[in-house]
Amino acid sequence: MSLGVEMELQIIDKQTKDLVAGAPKIFEKLGGERIRIKPELLQAMIEINTGVCDTVGKARADLMEQITVLRGVCDSLGYTL
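My aim in this report is to walk through the structure given alongside it, one point at a time. (Residues numbered from 1 in each chain as written. Predicted model: local features only at pLDDT ≥ 70, side-chain atom pairs only at ≥ 80, totals over all residues. Heavy atoms only, no water.)

**A few points about helix α1 (residues 23-30)**
Part 1 of the reasoning: Taken residue by residue, α1 has Ala-23, Ile-26, Phe-27 and Leu-30 as its buried positions. The buried residues of α1 occupy an angular sector of 95° when projected down its axis, which confines them to one face. Turned more than 90 degrees off the buried face of α1, the exposed positions are Glu-28 and Lys-29.
Part 2 of the reasoning: Buried residues in α1 make contact with β3 (37-39), β4 (45-49), α2 (56-77) and β5 (79-80).
Part 3 of the reasoning: Phi for Gly-31, located one or two positions after α1, is positive at around 85°. (Buried < 20%, exposed > 50% of the residue type's maximum accessible area, 1.4 Å probe, protein only. Helix = DSSP H or I, 4+ residues; strand = E, 2+ residues; numbered from the N terminus. Arc of directions from axis to C-beta. Contact = heavy atoms within 4.5 Å.)

So, in structure tokens, the structure goes:
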């Protein structure tokens, strides 16, 4: 058995708690798209996904790795997910 997970995250302004079209700034800081961190149709969202995993634990660890990267970038821009 194998599995993969896709997650869509909203980008929120930390102060106002409103959605913010922050994807372009996030990808600028990341140096462009990454294989597991991608833009969504709306600029207030970002998609992350795992590789092919053979356990739920590995999928969770893969997602958390991507979320950790995004949180660091978002913090520096005044955003949260």
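**Some words on the environment of Ile-46**
Part 1 of the reasoning: Considering the arrangement of structural elements, one finds Ile-46 in strand β4.
Part 2 of the reasoning: In sequence terms Ile-46 and Leu-9 are 37 residues apart; their C-alpha atoms lie 5.3 Å from each other.
Part 3 of the reasoning: Setting aside residues up to four positions removed in sequence, Ile-46 forms contacts with Met-7, Glu-8, Leu-9, Ile-11, Ala-23, Ile-26, Phe-27, Ile-37, Lys-38, Glu-40 and Leu-70.

**Remarks on α2**
An α-helical turn contains 3.6 residues, so a residue and the one three or four places further along point in the same direction.
Part 1 of the reasoning: The terminal C-alpha atoms of α2, which comprises 22 residues, lie 31 Å apart, in line with the 32 Å expected from a rise of 1.5 Å per residue.
Part 2 of the reasoning: Of the residues making up α2, those classed as buried are Ala-59, Asp-62, Leu-63, Gln-66, Ile-67, Leu-70, Val-73 and Cys-74. Buried residues of α2 fall within an arc of 130° about the axis and therefore sit on the same side. Of the residues in α2, the exposed ones pointing more than 90 degrees away from the buried face are Arg-60, Glu-65 and Thr-68.
Part 3 of the reasoning: If you follow the buried residues of α2, they end up packed against β1 (6-10), α1, β3, β4 and β5.
Part 4 of the reasoning: Residue Gly-78 follows α2 closely and has a positive phi angle near 80°. (Expected span 1.5 Å × (residues − 1).)

**What to know about the sheet that holds β1**
Part 1 of the reasoning: Spatially, the three strands line up as an open sheet ordered β1-β4-β3, and their pairing is antiparallel. Looking at which strands have only one partner, the edges of the open sheet turn out to be β1 and β3. Pairwise comparison of adjacent strand axes, ignoring direction, gives a mean angle of 30° for this sheet.
Part 2 of the reasoning: Relative to β4, β1 is paired through five bridges, and the arrangement is antiparallel. Paired with Gln-10 across the two strands is Met-45, which belongs to β4.
Part 3 of the reasoning: The strands that α2 touches are β1, β3 and β4; relative to β4, the one it contacts most, it runs at about 145°. (Pairing = 2+ DSSP bridges. Axes fitted to C-alpha atoms, helices over the stretch in contact; angles between N-to-C directions.)

**Notes on unusual backbone geometry**
Part 1 of the reasoning: Positive phi is not limited to glycine here, since Lys-17 has a value of about 65°.
Part 2 of the reasoning: Within the secondary structure, Lys-17 is located in the loop between β2 (12-13) and α1.
Part 3 of the reasoning: Using a relative accessible area of 59% as the deciding quantity, one classes Lys-17 as exposed.

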